[in-house]
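Coordinates in review
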Amino acid sequence: MKLYCLSGHPTLPCNVLKFKSTTIMLDCGLDTTSVLQFLPLPLVHSPRLSKLPGWVSKDGTINLEKELKECAGRVFVDSQPEFCLPEKELLDLSTIDVILISNYHCMMALPYITEHTGFTGTVYATEPTLQIGRLLMEELVNFMERVPKAQSATCWKYKEIQRLLPGPLKDAVEVSTWKRCYSMQDVNSALSKVQLVGYSQKVELFGAVQVTPLSSGYSLGSSNWIIQSHYEKVSYVSGSSLLTTHPQPMDQSSLKNSDVLILTGLTQMPTANPDGMLGDFCSNLAMTIRAGGNVLVPCYSSGVIYDLLECLYQFIENANLGSTPFYFISPVANSSLEFSQIFAEWLCHNKQSKVYLPEPPFPHAELIQTNKLKHYPSIHGDFSSEFRQPCVVFTGHPSLRFGDVVHFMELWGKSSLNTIIFTEPDFSYLDALAPYQPLAMKCVYCPIDTRLNFHQVSKLLKEVQPLHVVCPEQYTQPPPAQSHRSDLMLELQPPPMPYRRCSVLGLPFRRRWERIQLLPDLAKSLVPSEIKPGISVATVSAVLQSKDNKHTLQPVPKPPPLPPSKKRKRVVEEPPEVLAPKPLLSGAVPLEAFLAMLHKHGITEVKVEETADGHILHLQAEDTLIQLEEDGTHIVCDDNEPLRTALRDLVLRFLMKL
């Protein structure tokens, strides 16, 4: 059993498991941190960005003025942003049988995997994962296509040039694999390969393996997966949460008795308490609004935003912010808010019960009805005529490189009254802000990451007790910035097996057993013999048939009778003779009783020698050796067949025939 690791990002995994003749891809996360190396894509022409100077090396030997621009002491690529793809060269992607998706953030690379690679398999995901994943992909494509860039920067990627560039461009990894965004056609084609599954639904893969999604408690429809055969079990835990938020709680008990547990997607903010961050978010928002400033919240169009709006719903009245408008701007804003209200069976019990009242499970429905929350597909059209300040704007993309957020950064960045509040943990906020410096607006970092922290995961692993744990190497050592914090790493016995991008791990358990079915006719013909009280054994002679990874024992077919032939044949073909099987022997030959039996039959000169495996009897007069061992008896005598046969018969008296 092998695990191929195609992504180096611990929370955006992409691994391939080879398990019993099946090849299973576990998630296909898209590493979007690469976009931080690019200049923002403004919706409206930006004089500031268009006047940035090009980059030339100090000695003047490298001139990349058209590709690289300098801004606030950093160098950025002036081109359509590109993403770091999972590794495609480690194995042939056309051999993948199925892809299991754990949550909608971990499927953003799906079109790169399923399109133009020869992939012919099936993708399994829950319904919310598919629908919200579709929205996030659609939003990404929309952000890119509405601000097209004519030029494409490629020269800076050459290794000999990249190593001469200033950091962090010089340290960017795998730049040769970076690709532009896919098209909507690719998205639709990729998602047409998705087959929907529900929690605890068992799906058979070619009769060899069974896969089952379990609730992971992180987001709507997010799953952990159990991959098992009759005698082996692998658990895949990715992006899980034990906190009480809007999704169904995590199913922990089904993870017990795993041979291997593959662990990814822990919190990116192990020291930040989500409840404390929500409190900071609300207080900073209120402070800015009271001072007459605007608040910008760069966020994804699904996920934490539902919890932020719920938190604000309770906070608005108490803080006297009832008249402040809240705007949610995204090409998929309307769909996202509506989807969250209709996936009732995927929500926690508290929210499910509201549906039967009937009430909307999320309070943002009431905010929309009372006109406190308004949503728009973009800043053009209705928004520009209805926009009033001071206000709170939720919009994407959290990287600040594309989407409507770029316009608000240019609009509000010069005033110290305004505040930008970062809630998504995927991007370094300092790197995100770099191309907008110098910046007057206040910046607040409140990363809200509800995924498991190291304390929670240690407790979980003690409860479910897998034999082996496999995890990204980042989890086996403290964070580089806090090297003294040994509590921010996994300390397990036995130690976890770490992986990194492009590594191939041999998983440490062997398949020992395979289940075989007996046909009723064959079972009827068996004659059990009791060898110990309560234990019976029967010999089986049968034909083994293996089909679709299922094994069946069938009775040995009888040879067909020869058809009567008029013509005489010179050679009559005899049917192959089916020989009766030799009886199997069981039991042990007791030394004292055997010596007495030899004595009784006139063999008296016996020298006994003890060995590691049993005894050697030397019959001196007959010049014969008898080796008595636990699993066999050997009689060695030269050219005396009658003696050998007589000794064999004496040995057989002590053994049971089956």
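Values in this document were obtained by computation on a predicted structure and should not be read as measured data.

**Some details on unusual backbone geometry**
- The amide bond that connects Gly-167 to the next residue, Pro-168, takes the cis arrangement and shows omega of -5°.
- The topology assignment puts Pro-168 in the loop between helix 4 (159-162) and helix 5 (184-191).
- In this structure, Asn-371 is a non-glycine residue whose phi angle is positive, near 65°.
- When you line up the elements, Asn-371 lands in the loop between helix 10 (364-369) and strand 17 (373-376).
- Taking relative accessible area as the criterion, Asn-371 reaches 52% and is therefore assigned exposed.
- Positive phi values are uncommon outside glycine, yet Leu-400 reaches one of about 65°.
- Tracing the sequence through the fold places Leu-400 in the loop between strand 18 (392-395) and helix 12 (405-412).
- Leu-400 gets classed as buried once you look at its relative accessible area, which sits at 0%.

**Side note on the layout of surface pockets**
- A volume near 1400 Å³ is recorded for the largest pocket.
- Every residue lining the largest pocket is counted, 42 residues in all, and those nearest its centre are His-9, Pro-10, Thr-33, Gln-268 and Gln-474.
- Here the residues of the lining of the largest pocket sort into 20 nonpolar, 15 polar and seven charged.
- A volume near 450 Å³ is recorded for the second largest pocket.
- Elements with a contribution of two residues or more to the lining of the second largest pocket: helix 6 (274-290), helix 7 (304-318) and helix 9 (349-355).

**Quick look at a nonpolar patch on the surface**
- On the surface, a cluster of nonpolar side chains totalling about 220 Å² of accessible area is made up of Ile-531, Ile-535 and Met-656.
- The residue Met-656 is located in strand 34 (residues 656-657) in this model.
- On the accessibility criterion, Met-656 (33% relative accessible area) is partly exposed.

Basis of the calculations
Residues numbered from 1 in each chain as written. Predicted model: local features only at pLDDT ≥ 70, side-chain atom pairs only at ≥ 80, totals over all residues. Heavy atoms only, no water. Helix = DSSP H or I, 4+ residues; strand = E, 2+ residues; numbered from the N terminus. Buried < 20%, exposed > 50% of the residue type's maximum accessible area, 1.4 Å probe, protein only. 1 Å grid on protein atoms, 1.4 Å probe; cavity = no way out; pocket = protein on both sides within 12 Å on 5 of 7 lines; lining within 4 Å. Points joined across faces, edges and corners; volume = space filled by probe spheres on them. Nonpolar A, V, L, I, M, F, W, Y, C, P; charged D, E, K, R; others polar. Patch = residues over 30% accessible without salt bridge, like charges linked within 9 Å, V, L, I, M, F, W, Y side chains within 5 Å. Areas by Shrake-Rupley, 256 points an atom, 1.4 Å probe, with all protein chains shown as cover. Salt bridge = Lys/Arg side-chain N within 4 Å of Asp/Glu carboxyl O.

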